[in-house]
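Reading the structure
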Amino acid sequence: MSPKRVGFVEAVKLYFYNYSNFSGRSTESEFGWIILFNMLASIPFEILDLIVFLTTKSLIYTFIPSAIWVLATLVPNLSLCTRRLHDTGHSALLLVVSMILPLVALMVFFWSLVLAIVLWFASFVLYIVLIIFLFMSPDKTNKWGEPAESLGPKNGIVYGENKESDATVINSTSFTYDE
């Protein structure tokens with residue numbers, strides 16, 4: 001089944017429904033709406049962080065609300081990024097390497113500062129490459145499935161998506177105009 005372009009509410013539903021689905025593809029619209037959702041959902045947690053800081057005057061407990069949100073959405077974010085990389089025709093191995101490389105750099109820091117700096121720089125470059133891959137246009141049919149169907153006009157005006165069919169289409173050639 002090919003993925004489809006979705007709106008905000010359906011993207012959030014798919015985000016939590018497919019929280020552990022690391023196969024298949026995700027469209028640009030699903031990925032973009034989830035970025036917006038995570039930004040909006042993090043605002044209350046940031047406010048809670050501020051309240052905790054102002055009441056405790058300590059940094060020890062300040063970021064606990066935000067950390068809970070990050071941990072709660074870690075697996076769904078990884079699965080969405082994996083599916084998005086599949087949609088652009090790339091392997092999720094890049095995602096795994098981008099998570100391991102900074103940890104290796106941190107461990108190497110105690111033995112060789114120069115090697116740690118090189119690994120941090122490599123991590124930075126890999127993050128830039130990942131961002132580019134995540135926002136690329138979808139690849140044609142690849143080993144992860146079919147691309148999303150286009151919602152552009154077919155023989156007329158497309159007014160919206162219908163659950164039973166691809167789209168509701170009005171044929172513009174059937175209209176008559178009086179001059």
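Note that the coordinates shown come from a computational prediction; the quantities given were computed from them, not determined experimentally.

1. Re the overall build of the chain
Looking only at helices and strands, the chain has 6 helices and 2 strands in total. The N-to-C order of helical and strand elements in the chain reads α-α-α-α-α-α-β-β. Once local pairs closer than 6 in sequence are excluded, the contacts in the chain between residues at least 24 apart make up 59%. For the chain, the accessible area works out to roughly 12000 Å², and carbon and sulfur atoms hold 72% of it.

2. Comments concerning the pattern of salt bridges
Should the charged atoms of two oppositely charged side chains come close, the side chains can pair. Enumeration according to the criterion identifies 3 salt bridges in this entry. Across the pair Asp-87 and Arg-84 runs a salt bridge whose closest N-O atoms are separated by 2.4 Å. Residue Asp-87 and its partner Arg-84 are located together in helix α4 (residues 74-87), separated by 3 residues, close to a single helical turn. For the residue pair Asp-87 and Arg-84, the accessibility class agrees, reading buried in each case. Here the residues in one salt-bridge network are Arg-25, Arg-84 and Asp-87, joined through shared partners.

3. Focus: the environment of Leu-126
Structurally, Leu-126 can be placed in helix α6 (residues 113-134). Given the relative accessible area of 13%, Leu-126 is considered buried. Spatially, the C-alpha atoms of Leu-126 and Leu-94 are 7.8 Å apart, while their sequence positions differ by 32 residues. Not counting residues up to four positions away in its chain, the partners in contact with Leu-126 are Leu-94, Val-97 and Ser-98.

4. Points about the side chain of Asn-38
Turning to its location among the elements, Asn-38 is positioned in helix α2 (residues 28-56). The contact partners of Asn-38, leaving out residues within four places of it in the chain, are Tyr-15, Trp-69, Thr-73 and Asn-77.

5. A closer look at the nonpolar core
If you look at the biggest cluster of nonpolar residues, it comprises 16 residues, and the most contacted ones within it are Ile-34, Phe-37 and Leu-85. Every element with two or more residues in this core is listed here: α1 (8-17), α2, α4 and α6. What Leu-85 contacts, discounting residues up to four positions off in sequence, is His-90, Ser-91, Ala-92, Leu-95, Leu-130, Phe-133 and Leu-134.

6. Considering the packing of α1 against α2
Between α1 and α2, whose axes approach to 9 Å, the crossing angle comes to 85°. With respect to each other, α1 and α2 are oriented roughly perpendicular. On α2, the residues touching Phe-8, Ala-11, Val-12, Leu-14, Tyr-15 and Phe-16 of α1 are Glu-30, Trp-33, Ile-34, Leu-36, Phe-37 and Asn-38. Partitioning the contact of α1 with α2 into residue classes produces 10 nonpolar, 1 polar and 1 charged.

7. Focus on the confidence of the model for the chain
Note that predicted coordinates carrying low pLDDT should not be read in detail. Averaged over all residues, the pLDDT of the chain equals 81, while 81% of them reach at least 70. The low-confidence segment residues 151-179 (pLDDT under 50) makes 34 contacts with residues lying over four places distant or belonging to another chain.

8. As for the packing of aromatic side chains
Here the structure, examined in full by the defined rule, presents 9 aromatic pairs. Both rings, one in Tyr-15 and one in Phe-37, keep their centres 6.1 Å apart while their planes meet at 65°; by these two values the pair is edge-to-face. Taken together, the positions of Tyr-15 in helix α1 and Phe-37 in helix α2 put the pair 22 residues apart, joining distant regions of the chain. Here the aromatic rings of Phe-45 and Trp-69 are separated by 5.3 Å at their centres, their planes lie at 25°, and the arrangement is stacked. Taken together, the residues Phe-45 in helix α2 and Trp-69 in helix α3 (residues 64-72) connect sequence positions 24 residues apart.

The rules we used
- Residues numbered from 1 in each chain as written.
- Predicted model: local features only at pLDDT ≥ 70, side-chain atom pairs only at ≥ 80, totals over all residues.
- Heavy atoms only, no water.
- Helix = DSSP H or I, 4+ residues; strand = E, 2+ residues; numbered from the N terminus.
- Contact = heavy atoms within 4.5 Å.
- Areas by Shrake-Rupley, 256 points an atom, 1.4 Å probe, with all protein chains shown as cover.
- Salt bridge = Lys/Arg side-chain N within 4 Å of Asp/Glu carboxyl O.
- Buried < 20%, exposed > 50% of the residue type's maximum accessible area, 1.4 Å probe, protein only.
- Core = buried A, V, L, I, M, F, W, Y, C linked by side-chain atoms within 4.5 Å.
- Axes fitted to C-alpha atoms, helices over the stretch in contact; angles between N-to-C directions.
- Parallel < 35°, antiparallel > 145°, perpendicular 65-115°, else oblique.
- Nonpolar A, V, L, I, M, F, W, Y, C, P; charged D, E, K, R; others polar.
- pLDDT = per-residue confidence, 0-100.
- Phe/Tyr/Trp six-rings, centres within 6.5 Å; stacked < 30°, edge-to-face > 60°.

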